[in-house]
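Structural features, examined
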Amino acid sequence: MEGPSTSTSSGGRFFFGVLFTISELLLFGSVSLFVYWVIWHDTGFAWSKNRNEQFNLHAILMIIGFVFLNGQAMLVYKLLHRCRKIYVKIIHCIIFVCSISAITIGMVAGIQAQHNMAPGATIRHFYSLHSWVGLVAIGLFALQFVAGFVSFLILLCCDKATANFRARLLPTHVTFGLIIYSLAVIASISGLLQVARSRLSGKEGKPNYKEFEEPTIIINAVGCCLIGLAILLPYIIRNCGQRSRHSPNFHISH
Ligand code: HEM
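Once a new chain begins, its residue numbering starts again from 1 and follows that chain's sequence as written. The model is predicted, so local features are restricted to residues of pLDDT at least 70 and side-chain atom pairs to those at 80 or more, both for listing and for counting; the totals for chains, interfaces and linings are taken over all residues. The basis for every side-chain value is the complete set of heavy atoms in the structure, and neither hydrogens nor water enter the calculation.

A closer look at unusual backbone geometry
- For F126, which is not glycine, the phi dihedral falls at a positive 50°.
- With respect to the secondary-structure elements, F126 resides in the loop between α3 (85–113) and α4 (129–152).
- Accessibility expressed as a relative area gives 35% for F126, which makes it partly exposed. Numbering goes from the N terminus for both helices and strands, where a helix is a DSSP run of H or I of at least four residues and a strand is a run of E of at least two. Any residue under 20% of the maximum accessible area for its type is buried, any over 50% is exposed, and the rest in between are partly exposed; the area is computed with a 1.4 Å probe on protein chains only.

Thoughts on the site of the ligand
- A molecule or strand has a residue near it when one of that residue's heavy atoms lies within 4 Å. Contacts to the ligand come from 26 residues, most closely from H58, H125, S128, H130 and Q194.
- Identification of polar contacts relies on pairs of N or O atoms within 3.5 Å, with a donor-acceptor requirement for protein atoms, meaning one able to donate a hydrogen and the other able to accept it, and with residues adjacent in sequence counted only if both atoms are side-chain atoms. Between the ligand and Q114 there is a distance of 3.0 Å, counted from an oxygen atom to a side-chain nitrogen or oxygen.
- Interatomic distance of 2.5 Å between a side-chain N/O atom of H125 and an oxygen atom of the ligand.
- Elements supplying a minimum of two residues to the shell around the ligand: α2 (51–79), α3, α4 and α5 (159–199).
- When residues of the shell around the ligand are assigned to their parent elements, the largest contribution, seven residues, is made by α5.
- The classification used treats Ala, Val, Leu, Ile, Met, Phe, Trp, Tyr, Cys and Pro as nonpolar, Asp, Glu, Lys and Arg as charged, and all other residues, Gly among them, as polar. Residue composition of the shell around the ligand, grouped by class: 16 nonpolar, 10 polar and no charged.

Looking at the confidence of the model for the chain
- For every residue, the predictor states its confidence as a pLDDT score lying anywhere from 0 to 100. Taken residue by residue, the chain gives an average pLDDT of 89. The fraction at 70 or more is 91%.
- When mean pLDDT is compared element by element in the chain, helix α6 (residues 214–239) scores highest at 97, while helix α7 (residues 250–253) scores lowest at 34.
- A contact between two residues is defined here by any heavy atoms of the two lying within 4.5 Å. Note that residues 243–254 has pLDDT below 50 and, in this model, seven contacts with residues that lie over four places away or in other chains.

Side note on the pattern of salt bridges
- In what follows, salt bridge is the name for a side-chain nitrogen of Lys or Arg lying within 4 Å of a carboxyl oxygen of Asp or Glu. Applying the stated criterion across every chain, the model contains one salt bridge.
- Ionic pairing is found between D42 and R199, a salt bridge with its closest N-O pair at 2.7 Å. With D42 in the loop between α1 (10–41) and α2 and R199 in helix α5, this residue pair connects regions lying 157 residues apart in the sequence.

This is the structure we're talking about:
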């Protein structure tokens, strides 16, 4: 009997079509809501002496690189499962390269923004839980990229000889991809809380997070989009497009 986890039944295809649409809405929603918040309720984005503006740049580049592009790179595998594997791998890899570029620039912006303090104030790096989770996510992401690049693209040069090895590595690659995605969501949510703590403190004329007005609601909505993605993406990646072990094409498709 076929459940929703098989891509072959039309009910299953419809179900996953709905899940894909919701995840795209959440991906675009998290980026556009945060941009709206920064432009309408905060000081905007800039690589400048203004600490807040530069942290906003850090935040949006991290959300785009780690959550939006990373999410698209994973979904592309499921969306294009009928295309030739090599083309899908190349698209997957190109999106990852864009994602790495955004993350690298975002991280430099974040570290440099810590230096834009009032004269005489002590500069502290990596003191927060947010930065610790972020560093773990970045470290694992870098390892995953190198391992994935070597095993799935370079080893393609000797496709037949390495096919078994690559097939055995695939579940680990997928699991780590999902773990890293969850860590990126945790890092982003804790980053949102850092921002809420300082910019919505209610002091010196700043809006108050506790007053539950538009700035609070938008920050919370971005967080909810991210949590939705952390739930939906692993479900799609684990269940969509999988064929039954008894299907005649099972071994070919893996
Ligand atoms: C996966 C995404 C993210 C990662 C990996 C990450 C990583 C980091 C790291 C490593 C630092 C420490 C920089 C230093 O001390 O020199 C940092 C600082 C900071 N980040 Fe992020 N970040 C992410 C997303 C965000 C988001 C979405 C926001 C805001 C909405 C944000 C806001 C901040 C702020 C305000 C700081 C300075 C305060 C602190 O060190 O905690 N970050 N981030």
